[in-house]
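# Examination of the molecular architecture
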Amino acid sequence: MSDVILQDDLTVFPHSKTVYRVQLTREHIQYGPTQGKPRERRILLSDVVGCHCLRGRHVSDSAAYFCIYAYPFRKKVISGDWTRHRVCTTFRVKKTDDHDENHAQAEQWRIAVKCLLVGQSIGPQTALEAQLLPPSPRLLVLINPFGGQGKAQQIFRERVVAMLGESDIGFNMVVTERPGHAHDLMRDLEVSEWSGVVVVSGDGLIYEVINGLMDRPDWEEAIKIPIGLIPGGTGNALCCSVNYLLDEPFESADQVLHSTFVLCKSVVSGSSYPMDLVSVQTKSSRLFSFLHISWGFISDIDIGSEKYRYLGDARFIVGLVQRLFDLRKYPGHVSYLPVKGVDGRAMIHQVTEKRKQREKLKQSLPRPRSLSNQNGDRESLRSMRPAQFTRSVSMMEGSRPRNLPPRSASVGQSYYSDLEPLTPGVDTAKEAALFNEQTDSGVPTTERMEANMANGRATGDDLHASDWRGDEVFSPHSQHGSGRPQHNHSNNSASNSQSGDSMDSAIDVSAMDLSADSPTQAHSHTLPNPNSQARRHGPVDSLLPPLGQPLPDGWVTLEGNFNLVMGLNVPYITTGFNMSPASQLDDGMMFLMYAMDTTRSEMSNISLKASQGRIGEVEQAGTGVVAVHAFRLEPEAGKGLITADGEVIEYGPLQAQVHPALARVLMWKPADI
């Protein structure tokens, strides 16, 4: 009992007859009936993103409620895959007929749960006061409306906003208007006023964000702002790599759900993890890469398949097949500085085998039909009626459970009208709007908030912007450096923006001195101006002599006809292609992969093994995988493609060096393999 922080006898909404003994520990919330057959259930705090206090809509209801928002794993029946799903459990507190006393007790539970989620050390004797909780985090969300299949806005509105609300995470949203827009935003951003920058796009927008932060005089501090990832593009390689390293599902239809869970848990707990960056020098510029530098086969596929972007992830398969029928060879030299004592191929093979064993163990586990009790027995999740628990959720469009009636339906006791939020520190009237409640305080109703989302305006989800009005638009910059809402009183204000999914007119960018028009086609991300003074910022490449100068001792040089050369910094190069299973975000090295004079069948074998995460099994002649600190690439052919993170860069000689732990990603520390 010494581990129990709080304990009480409560009922679980909507049932009022069965009384449960509810206990809160540092690891879980456990509850079971006080009478009858013991059937204890547990909600692991590692699966919980938030907790809200609520009260009944009816005046006669003096009870108070607190709701736990959790996303535990379950095993799918047909595929056998493990995936997270949403379970909301609402506890009813009614000790007296005085609502204030009941609410005070519910508030104790909310504060205790939130303290444990943020990592606060509390115990049974801790005085649970709201002052224990840190200020709610605030994110800058960047959305590329042209990335991938053009669904980033829809993904964020329908599948991300609800969990941010459950986690009490505020956000301001900017929709990029042109190539290089995110780069310019990051170059001038007041980074100290944000808890992180979230990218809802593919890897191209992350590339702009990182290079924008590195193009600042204060780059050493600016690059420390953690970056959050929501897959909204075609490749989503960094997002896949993060989920892969965290053992979160990443190659499924629920990829957005798992990435949002990683984002919310990391922001709530204040977790971020270091990521290496690679400094890339060409003849006329310097840039920073976080994924890979590619020459040959992969670059040809990536850029050649741009015309099939409407196919989503399938565009790379189409491009791969086309390139296999027209396999090219590129003469040149590749030199590298190896990591001493590391056999790249053996290391990849070892990690692959360990992950295969872990996956077999995971697949052998029985399908959980419920939350486990302390004795290992199980009870059907259906008996918990999770749909009824979700009535306490902030009901943004797209978060409503499928088995609830639509909001337009005529229901006397609608699930949407039984409870209302009552959480100190949160604008009650504003959050009530999320519960489809009319207010008289100038705060938008649910319908108006959804219309604002459709028009790209930041919504009431920035819970601490208590002065938010419907005619306000948000900018990541303030003329006074405050980063708070800016009023737009012009004739082209957000309140007059056209409806639909176009968000461009709803973002106030006047303070940023950006004058480019919105594009009419997909972004083709451009590099920063190589002649600008900002190109001198960044760490010194101490391992690299000037291009054209001889390399120092210890370097190895290969010469021949290359089909493929890649410097890999993270495991995935796109969804479905795990080219470097042993890569870690902060290992301080790259894996240099090359293939020389390979046939069509050999390249097909390499591609197949890469798609299965088994690249370490490729041992054919002319191929190699080497762990390196730096490398130099010197093409001899007059034409070709070289890409950094999927973006075309200057063709010609280049060299690259790994700089350990420069950037940070919103994620927790991966488990050791």
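Values in this document were obtained by computation on a predicted structure and should not be read as measured data. (Residues numbered from 1 in each chain as written. Predicted model: local features only at pLDDT ≥ 70, side-chain atom pairs only at ≥ 80, totals over all residues. Heavy atoms only, no water.)

## A word on the overall build of the chain
Each helix and strand counted, the chain has 15 helices and 28 strands in total. Buried residues in the chain amount to 60% of all 673 residues. With an accessible surface of roughly 27,200 Å², the chain has 48% of that area assigned to carbon and sulfur atoms. (Helix = DSSP H or I, 4+ residues; strand = E, 2+ residues; numbered from the N terminus. Buried < 20%, exposed > 50% of the residue type's maximum accessible area, 1.4 Å probe, protein only. Areas by Shrake-Rupley, 256 points an atom, 1.4 Å probe, with all protein chains shown as cover.)

## A few points about the packing of aromatic side chains
Scanning all chains against the criterion turns up eleven aromatic pairs. A ring pair is formed by F13 and Y65, whose centres lie 5.5 Å apart and whose planes are at 85°; its orientation type is edge-to-face. Taken together, the residues span a long stretch of sequence, with F13 in the loop between β1 (6-12) and β2 (19-24) and Y65 in strand β6 (residues 64-70) at a distance of 52 residues. As far as the burial class goes, F13 and Y65 line up, both buried. Linked through ring pairs, Y20, Y31, F66, F91 and W109 together constitute an aromatic cluster. (Phe/Tyr/Trp six-rings, centres within 6.5 Å; stacked < 30°, edge-to-face > 60°.)

## Considerations on helix α11 (residues 344-364)
The terminal C-alpha atoms of α11, which comprises 21 residues, lie 31 Å apart, in line with the 30 Å expected from a rise of 1.5 Å per residue. Buried residues of α11: G344, R345, I348, V351, T352 and R355, and no others. Summarising the axial view, the buried residues of α11 lie within an arc of 130°, below the 170-degree limit, and thus occupy one face. Among the exposed residues of α11, those oriented more than 90 degrees off its buried face are Q357, K360, L361 and S364. The inward-facing, buried residues of α11 abut α7 (237-245), β24 (590-596) and β25 (623-635). (Expected span 1.5 Å × (residues − 1). Arc of directions from axis to C-beta. Contact = heavy atoms within 4.5 Å.)

## A look at the environment of G622
With respect to the helices and strands, the residue G622 is situated in the loop between α15 (600-611) and β25. A sequence separation of 25 residues divides G622 from D597, and the C-alpha atoms of the two residues are 6.6 Å apart. Beyond its immediate sequence surroundings of up to four residues, G622 is in contact with Y594, A595 and M596.

## Description of the pattern of salt bridges
For the structure on display, the rule yields 19 salt bridges. One salt bridge in this structure joins K76 and D254, with 3.3 Å as the shortest N-O distance. Here the residue K76 occupies a position in the loop between β7 (73-75) and β8 (82-84), and D254 occupies one in the loop between α7 and α8 (255-269), the gap between them amounting to 178 residues. D218 is paired through a salt bridge with R216; the nearest N and O atoms lie 2.8 Å apart. The class for D218 is partly exposed, based on a relative accessible area of 33%. Judged by its relative accessible area of 6%, R216 falls in the buried class. What you see here is one network of salt bridges that share partners, running through D47, R84 and E248. (Salt bridge = Lys/Arg side-chain N within 4 Å of Asp/Glu carboxyl O.)

## Comments concerning unusual backbone geometry
Looking along the chain, the bond that leaves F13 and enters P14 is cis, with omega of 10°. Assignment of secondary structure puts P14 in the loop between β1 and β2.

## Remarks on empty space enclosed by the protein
According to the stated counting rule, one finds four cavities of 30 Å³ or more in the structure shown. When its volume is computed, the largest cavity comes out at roughly 70 Å³. Secondary structure elements with two or more residues in the lining of the largest cavity: β24 and β25. Grouping the constituent residues of the lining of the largest cavity by class yields eight nonpolar, two polar and one charged. (1 Å grid on protein atoms, 1.4 Å probe; cavity = no way out; pocket = protein on both sides within 12 Å on 5 of 7 lines; lining within 4 Å. Points joined across faces, edges and corners; volume = space filled by probe spheres on them. Nonpolar A, V, L, I, M, F, W, Y, C, P; charged D, E, K, R; others polar.)

## Let's talk about the environment of M590
With respect to the helices and strands, the residue M590 is situated in strand β24. M590 sits in the buried class, given a relative accessible area of 0%. Separated by 246 residues in sequence, M590 and G344 have C-alpha atoms that sit 9.6 Å apart.

## A word on the environment of A130
For A130, the position within the fold is in the loop between α1 (99-118) and β10 (138-143). Overall, A130 belongs to the partly exposed group, its relative accessible area being 40%. Linking A130 and R110, residues 20 residues apart in sequence, is a C-alpha distance of 9.4 Å.

## Section: the nonpolar core
Within the largest apolar cluster, 98 residues are counted, with the highest numbers of intra-cluster contacts made by L142, I210, L238 and L585. Apart from the residues lying within four places of it in its own chain, the contact partners of L238 are D203, I206, L229, M275, F290, L291, V570 and L585. By size, the runner-up hydrophobic cluster in this structure holds 65 residues, among which are Y69, L116, L117 and L257. (Core = buried A, V, L, I, M, F, W, Y, C linked by side-chain atoms within 4.5 Å.)

## What about the pairing of strand β5 (residues 48-56)?
Counting buried positions over the nine residues of β5 gives eight, a clear majority of the element. Two elements, β5 and β6, share seven bridges in a ladder whose sense is antiparallel. Directly across from C51, in β6, lies its bridge partner I68. (Pairing = 2+ DSSP bridges.)

## Some remarks on the packing of helix α4 (residues 181-188) against helix α5 (residues 203-214)
Between α4 and α5, the shortest axis-to-axis distance is 7 Å and the interhelical angle comes to 30°. Comparing their axes, α5 and α4 come out roughly parallel. Crossing of α4 against α5: the hand is right-handed. Taken together, the residues of α5 that come into contact with α4 (itself represented by H181, A182, H183, M186 and R187) are L205, E208, V209, N211, G212 and L213. (Axes fitted to C-alpha atoms, helices over the stretch in contact; angles between N-to-C directions. Parallel < 35°, antiparallel > 145°, perpendicular 65-115°, else oblique. Left-handed = near helix turned anticlockwise from the far one by under 90°.)

## Details of the confidence of the model for the chain
A low pLDDT means the predicted coordinates there should not be read in detail. Chain-level statistics for the chain give a pLDDT mean of 76 and a share of 72% at 70 or above. Low pLDDT, under 50, characterises residues 369-417; the predicted model gives this stretch 115 contacts beyond four residues in sequence or across chains. Across residues 423-534, confidence stays below pLDDT 50; counting only partners more than four residues off in sequence or on other chains, it has 243 contacts. (pLDDT = per-residue confidence, 0-100.)

## What about the pairing of strand β15 (residues 286-289)?
Burial along β15 is two-sided: R286 and F288 facing one way and L287 and S289 facing the other are all buried. Across four bridges, the pairing between strand β14 (residues 273-281) and β15 is antiparallel. Within the sheet, the bridge partner assigned to V278 lies in β15 and is S289. Between β14 and β15, which pair antiparallel one after the other, the connecting turn spans four residues.

## Here we look at the side chain of D168
The topology assignment puts D168 in the loop between α3 (161-166) and β11 (170-175). Separated by 2.7 Å, the side chains of D168 and H52 make a polar contact. Here K114 takes part through its side chain, which lies 3.0 Å from a polar atom of the side chain of D168. (Polar contact = N/O pair within 3.5 Å; in protein donor to acceptor, adjacent residues only side chain to side chain.)

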